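For reference, the chains in residue letters:
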Amino acid sequence: MSHECLEVSVHEGGWAEIVLARPEVLNALNLKLVQEATQVLDELEHDERVRGLIFTGAGDKAFVAGADIGELLERRLAEALEGINARLLQKIEDFPWPTIAAIHGYALGGGCELALACDIRIGTTAAVLGQPEVRLGIIPGAGGPHRLTRTVGPGMARELIFTGRMVPAEEALRIGLLNHVVEPEELMPRAREIMTSIRRNGETAVRLAKVALNAAVNSVDRRHQMLEVLSQGILFEHPEKEERMRAFLERKRKREQDAR
Ligand code: COA
């Protein structure tokens, strides 16, 4: 399957591998990528060959460094209300078969939220996870507050979201944000090994186990989601967001000038 921002392949073991591929911007999630991923998930859900998904990032620096800040800068209340990133992540959580995030480098903002929407997270020793949105004057608006709380507990989720601190691999492992930490060359082999061991089991049993697990962890409540979307809509209109995002994007221009 050919796409602009994704590489999708079906593995003979019976799962699909989705590479998020905008390495020049650390695989930041722009609208095009989100639309393509949404369409791909719809197709894969009905593909008889696919009984699981592995997500990973292209290049050697990032899984996904968040939503695309250049696009975020332009977004306002109306775009927030559409909640398209939130809907994609809900689709990942609701995917009928197990999903694994294989993380090398940065998984920040929407990238960390995407990893949290997966069933299992594996990182390399170079993985760095976090929700730095408040530094840009916004919040994690695609299920982050809810899914992070349920993954690492309320105290740690609050600390990470309020400070925006980035968490290195070993700490992420200790707080339960990652299930395993491996050397970079072991990342995909380990993800495939876990998927293979899942595939040995009763297919319908695994599928129904996921239904039960999703119900048990109380999948993102639509009211919580609406609260996140509304808060994000308010912040998208706020001057502080504009200032902070411009400052991030200006760095590039400054660095170019300094290099001259
Ligand atoms: N959106 C758009 N572009 C992004 C991006 C994002 N979320 N994250 C990184 N990029 C771009 C950078 O602007 C840079 O582009 P350039 O080469 O054209 O200047 C390129 O990706 C490489 O990033 P750079 O910042 O130079 O790498 P670094 O190693 O110095 O820093 C990070 C890496 C992840 C610490 C830094 O890129 C960062 O803080 N990114 C934003 C993370 C974030 O706040 N995400 C949440 C968004 S809501």
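Scroll up to find the structure this text is about.
Conventions we followed
- Within each chain, residues carry numbers counting from 1 in the order of the written sequence.
- Side-chain atom pairs in this predicted model are given and counted only at pLDDT of 80 or more, local residue features only at pLDDT of at least 70, and totals for whole chains, interfaces and linings cover all residues.
- As a convention, hydrogens and water are excluded, and side-chain values are obtained from all of the structure's heavy atoms.
- Should DSSP find at least two bridges between two strands, the strands are regarded as paired.
- Under the scheme used here, helices are H or I runs from DSSP no shorter than 4 residues and strands are E runs no shorter than 2 residues, and both carry numbers assigned from the N terminus.
- The convention used is that axes are lines fitted to C-alpha atoms, helices contributing only their stretch in contact, and that angles between N-to-C directions extend from 0 to 180 degrees.
- Note on definitions: a residue-residue contact is assigned when non-hydrogen atoms from the two residues lie within 4.5 Å.
- We define proximity as follows: a residue is near a molecule or strand when any one of its heavy atoms falls within 4 Å of that partner.
- Two N or O atoms count as a polar contact when they lie within 3.5 Å, although within protein this holds only if one can serve as hydrogen donor and the other as acceptor, and sequence-adjacent residues are included solely when both atoms are side-chain atoms.
- The Shrake-Rupley method, run with a 1.4 Å probe sphere, supplies the accessible areas, and residue values consider only the shown protein chains as cover.
- Cavity: a set of points on a 1 Å grid over the protein atoms alone where a 1.4 Å probe fits but cannot get out. Pocket: an open set with protein on both sides within 12 Å along at least five of seven lines, its lining residues, like those of a cavity, having an atom within 4 Å of a point.
- Placement in a cavity or pocket follows one criterion, namely that more than half of the molecule's atoms lie within 2 Å of its grid points.

**What about the sheet that holds strand β4 (residues 62-64)?**
Within the open sheet, the 4 strands sit side by side as β4-β6-β8-β9. Their pairing is mixed. Each edge of the sheet is formed by a strand with only one pairing partner; in this case those strands are β4 and β9 (166-168). On average, each strand axis in the sheet is tilted by 20° relative to the strand beside it, whichever way the strands run. Note that strand β8 (residues 128-130) and β9 share 3 bridges and pair antiparallel. If you follow G130 over to β9, its bridge partner there is M166. Seen against the sheet, helix α5 (residues 110-117) touches β4, β6 (106-108) and β8 and runs at an angle of roughly 90° to β6.

**Quick notes on the site of the ligand**
Within the structure, the ligand sits among 20 residues, and K61, A65, A67, I69 and R251 are positioned closest to it. In the environment of the ligand, an oxygen atom lies 2.7 Å from a nitrogen or oxygen atom belonging to the side chain of K61. Out of a free accessible area of 860 Å², the ligand has 77% covered by protein chains. Mapping the ligand onto the cavity grids shows that it belongs to the largest pocket.

**Quick word on the environment of E4**
Tracing the backbone through its elements, the reader meets E4 in the segment before β1 (6-11). Measuring from C-alpha to C-alpha, the distance between E4 and A21 comes to 8.1 Å, with 17 residues separating the pair along the chain. In this view, E4 contacts A21, K32 and E36; residues no more than four positions away in its chain are not counted.

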